[in-house]
Amino acid sequence: MLDIMERKDFIFNTNVEQKIYTSKLSDSLVLDKATNMMIDLEKRLNFYDSSSEISQINKYAGHKFVKVSFETFELIKQSIKFSQKNGWTI
């Protein structure tokens, strides 16, 4: 018998609902880990938060370098590749 475990949060400036179907109560750790990953991404990438890495990049663009995490750097790098592949300008 599978149980539904669900969690609702407000992340990325929107309502986030996660559901997993499981037979193990320990799988609640999966929801915790997924939520923590989203919260971490939001802290780094949220352009509404003046302390986020993305906001710092935007604030100092053309004026000084901003040190960012490896994950943010890789996301920006992949975004540029995706834009170029699809003929979009940056």
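What you see is a predicted model, and the numbers here were worked out from it, not measured in a lab. (Residues numbered from 1 in each chain as written. Predicted model: local features only at pLDDT ≥ 70, side-chain atom pairs only at ≥ 80, totals over all residues. Heavy atoms only, no water.)

1. With respect to a nonpolar patch on the surface
Thought 1: A cluster of nonpolar side chains, namely Leu2, Ile4 and Tyr21, defines an oily patch on the protein surface of about 350 Å² accessible area.
Thought 2: Structurally, Leu2 is set in the segment before β1 (3–11). (Patch = residues over 30% accessible without salt bridge, like charges linked within 9 Å, V, L, I, M, F, W, Y side chains within 5 Å. Areas by Shrake-Rupley, 256 points an atom, 1.4 Å probe, with all protein chains shown as cover. Salt bridge = Lys/Arg side-chain N within 4 Å of Asp/Glu carboxyl O. Helix = DSSP H or I, 4+ residues; strand = E, 2+ residues; numbered from the N terminus.)

2. Digging into the environment of Ile4
Thought 1: Looking at the element boundaries, Ile4 is found in strand β1.
Thought 2: In this structure the C-alpha to C-alpha distance between Ile4 and Ser23, which are 19 residues apart in sequence, comes to 8.6 Å.
Thought 3: Once residues within four sequence positions are removed from consideration, Ile4 is found in contact with Lys19, Ile20 and Tyr21. (Contact = heavy atoms within 4.5 Å.)

3. Quick word on the pairing of strand β2 (residues 14–22)
Thought 1: Two strands pair when backbone bridges link them, and β1 and β2 are joined in this way by nine bridges, in the antiparallel orientation. Along β2, the bridge assignment pairs Asp9 with Val16.
Thought 2: Between β1 and β2, which pair antiparallel one after the other, the connecting turn spans two residues, and Phe12 there sits at a positive phi close to 60°. (Pairing = 2+ DSSP bridges.)

4. Here's the deal with the packing of aromatic side chains
Thought 1: One pass over the full model with this rule turns up two aromatic pairs.
Thought 2: Seen from their ring centres, Phe82 and Trp88 are 5.3 Å apart, and the 70° between their planes marks the pair as edge-to-face. (Phe/Tyr/Trp six-rings, centres within 6.5 Å; stacked < 30°, edge-to-face > 60°.)

5. Some points on the side chain of Thr72
Thought 1: Along the polypeptide, Thr72 turns up in helix α3 (residues 70–85).
Thought 2: A polar atom in the side chain of Thr72 sits 3.0 Å from the side chain of Ser69.
Thought 3: Discounting chain neighbours no more than four positions away, the residues touching Thr72 are Arg44, Leu45, Glu53 and Ile54. (Polar contact = N/O pair within 3.5 Å; in protein donor to acceptor, adjacent residues only side chain to side chain.)

6. Overview of the side chain of Ser55
Thought 1: With respect to the secondary-structure elements, Ser55 resides in helix α2 (residues 53–60).
Thought 2: Judged by relative accessible area, which is 10%, Ser55 ranks as buried.
Thought 3: Within the local environment of Ser55, its side chain forms a polar contact with the backbone oxygen of Phe47, the two atoms lying 3.1 Å apart.
Thought 4: Beyond its immediate chain neighbours, meaning those up to four positions away, Ser55 contacts Asn46, Phe47, Tyr48, Asp49 and Ser50. (Buried < 20%, exposed > 50% of the residue type's maximum accessible area, 1.4 Å probe, protein only.)

7. As for α2
Thought 1: Buried within α2 we find Glu53, Ile54 and Ser55.
Thought 2: Buried positions along α2 lie against α1 (28–45) and α3.

8. What about α1?
Thought 1: Look at α1: 26 Å from first C-alpha to last across 18 residues, which is about the 26 Å you get at 1.5 Å a residue.
Thought 2: Within α1, the full set of buried residues consists of Leu31, Thr35, Met38, Glu42 and Arg44.
Thought 3: In this fold, the buried residues of α1 make contact with β1, β2, α2 and α3. (Expected span 1.5 Å × (residues − 1).)

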